[in-house]
Structures are given as structure tokens and as C-alpha cells.
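The primary structure of each chain is shown beneath.
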Amino acid sequence: MKVLNLRCAHDHRFEGWFDSEDDFQSQHERGLVECPLCADKAVTRLPSAPRLNVSNLRDDAKPARSPGEATEAALRQSKWMQTVRHLMDNTEDVGERFPEEARRIHYGEAQERGIRGQASREDAEALREEGIEVTAVPVPAALKGPVQ
């Protein structure tokens, strides 16, 4: 089992567990490796600590992130996951019916409640123009279903 340090284009850092280097490469090439926070598939592999040659670092050379910054980033990611999990637990998923259901609630045709679902950019903008508050929230794949 290989544990790899990975990073998405949004600088979310996470681990990936693979049977082998070939398994990682295969999954990455097929677009199966994605960020658990934002589902970004632009994932790059970071160097693993055991392979770093730090003996040649000068005193003025610093790693990209200090341990404190890495801990802070991990805490932000954890808070984000908690917030999204709370959103998922306390809203009704109306799927692709989101624009219609948001309008029905706004105009008093349906019971007021928290909903979530999918809307195109155009639909979301049209809802905002009607005075309906809409916020896009990327839901990590890990929260869309059971994690194995």
C-alpha cells in the first residue's frame, strides 16, 4: 500500500492510498483521483518526507509551508467539511428542481425550508435577480455518500 501526499489546484492537501505507483498513475490518468474537499481533478503529487534531501537547504531557505501553517490549513479544511456536513444534514436535496422549488418557496407556494440542489449559472443569476438568495457550495464527493 502506498500513501501519497496530494494537492489540488486550490491548494487543498490530502492523502491518497493506492495499491502501487502504477495504480495511482492509472487512476489519475482516468480522472478518478479528485480532491475530497472540492472535487477538483487537477491533482498533483507532493514529495514525500522520506524522499526529501534537506541536507542542502540553506538557513535562509524555508519550506513552502511551516508546520504551523500546515496545521492551520488542516483546521480550515476540517471546519469546511463540518460546515458542509451540517448543510447536508439540515437541508432537503431537491436535485435539478432547485430553481423551481426555490421560486415556489420564495413566492409562498411551498413550505419554507432549507433546500439544496443543482442550478446552472444562468438559473442562479435569474434567481438572484428575483431577490432569491442563492449560494453555490461545492460538495465534496466524500459527503455525497458513504465513505468506504
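Here is what the cut-offs are and how they apply
- Residues numbered from 1 in each chain as written.
- Predicted model: local features only at pLDDT ≥ 70, side-chain atom pairs only at ≥ 80, totals over all residues.
- Heavy atoms only, no water.
- Pairing = 2+ DSSP bridges.
- Helix = DSSP H or I, 4+ residues; strand = E, 2+ residues; numbered from the N terminus.
- Disulfide = S-S within 2.5 Å.
- Salt bridge = Lys/Arg side-chain N within 4 Å of Asp/Glu carboxyl O.
- Buried < 20%, exposed > 50% of the residue type's maximum accessible area, 1.4 Å probe, protein only.
- Axes fitted to C-alpha atoms, helices over the stretch in contact; angles between N-to-C directions.
- Parallel < 35°, antiparallel > 145°, perpendicular 65-115°, else oblique.
- Contact = heavy atoms within 4.5 Å.
- Nonpolar A, V, L, I, M, F, W, Y, C, P; charged D, E, K, R; others polar.
- Core = buried A, V, L, I, M, F, W, Y, C linked by side-chain atoms within 4.5 Å.
- Lys, Arg positive; Asp, Glu negative; His and termini not counted.
- Polar contact = N/O pair within 3.5 Å; in protein donor to acceptor, adjacent residues only side chain to side chain.

K.L.:
Break down the pairing of strand β1 (residues 2–7) for me, with residues and values.
P.N.:
Pairing of β1 with strand β2 (residues 13–18) involves six bridges; the strand directions are antiparallel. Considered in β2, the bridge of V3 is made with W17. Taking the residues that link successive antiparallel strands as the turn, the β1-β2 hairpin has five residues, and the phi of D11 there is positive, at about 65°. Of the strand pairs in this sheet, β1 and strand β3 (residues 44–45) are connected by two bridges, and their pairing is antiparallel.

K.L.:
Summarise the state of the cysteines; cite the residues concerned and give the values.
P.N.:
Inspection of the entire model under this criterion finds zero disulfides. Of all cysteine sulfurs, the one in C38 lies closest to C35, which takes part in no disulfide; the gap is 3.7 Å.

K.L.:
How would you explain the sheet that holds β3 if you had to name every residue and give the values?
P.N.:
With antiparallel pairing, three strands are arranged side by side in an open sheet as β2-β1-β3. Both edges of this open sheet fall to β2 and β3, since each of them pairs with a single strand only.

K.L.:
I'd like a rundown of the pattern of salt bridges, residues and numbers included.
P.N.:
Counted by the stated rule, this structure contains ten salt bridges. With a closest N to O distance of 2.5 Å, R45 and E21 form a salt bridge. In this pair, R45 is assigned in strand β3 and E21 in helix α1 (residues 21–29), connecting sequence segments 24 residues apart. The exposure class assigned to R45 is partly exposed, which follows from its relative accessible area of 28%. E21 gets classed as partly exposed once you look at its relative accessible area, which sits at 25%. The partner of K41 in a salt bridge is E34, with the nearest N and O atoms 3.4 Å apart.

K.L.:
Describe the packing of helix α3 (residues 98–106) against helix α4 (residues 121–129), naming the residues involved and giving the relevant values.
P.N.:
Here α3 crosses α4 at 10°, and the two axes come no closer than 10 Å. Taken together, α3 and α4 sit at an angle that is classed as roughly parallel. Residue-level inspection shows F98, P99, A102 and R103 of α3 in contact with α4, the latter providing D123, A126 and L127. Across the contact of α3 with α4, the residue classes break down as five nonpolar, no polar and two charged.

K.L.:
How would you sum up the nonpolar core? Please name residues and give values.
P.N.:
The nonpolar side chains of soluble globular proteins are, as a tendency, buried together. Core analysis: the largest hydrophobic core is formed by twelve residues, namely L4, L6, C8, F14, F18, F24, V33, C35, L37, C38, V43 and M81. If you list the elements that add at least two residues to this core, you get β1 and β2. Leaving out residues up to four positions away in the same chain, L6 has contacts with H12, R13, F14, G16, F18, F24, V33, V43, T44, R45 and L46. With ten residues, the next largest nonpolar core counts I105, A110, L127 and V134 among its residues.

K.L.:
Could you give me a rundown of the side chain of D40, with the residues and numbers involved?
P.N.:
Locating D40 in the fold gives a position in the loop between α1 and β3. Despite its burial, D40 pairs with no opposite charge; the closest candidate is K41, at 8.9 Å N-O. Polar contacts involving the side chain of D40 include one to the main-chain amide nitrogen of A9, which spans 3.1 Å. Once residues lying within four places of it in the same chain are set aside, the contact partners of D40 are C8, A9, H10, V33, E34 and C35.

K.L.:
Can you break down the side chain of E101 residue by residue, with the values?
P.N.:
Here E101 shows up in helix α3. The contact partners of E101, leaving out residues within four places of it in the chain, are V94, A110, R113 and I115.

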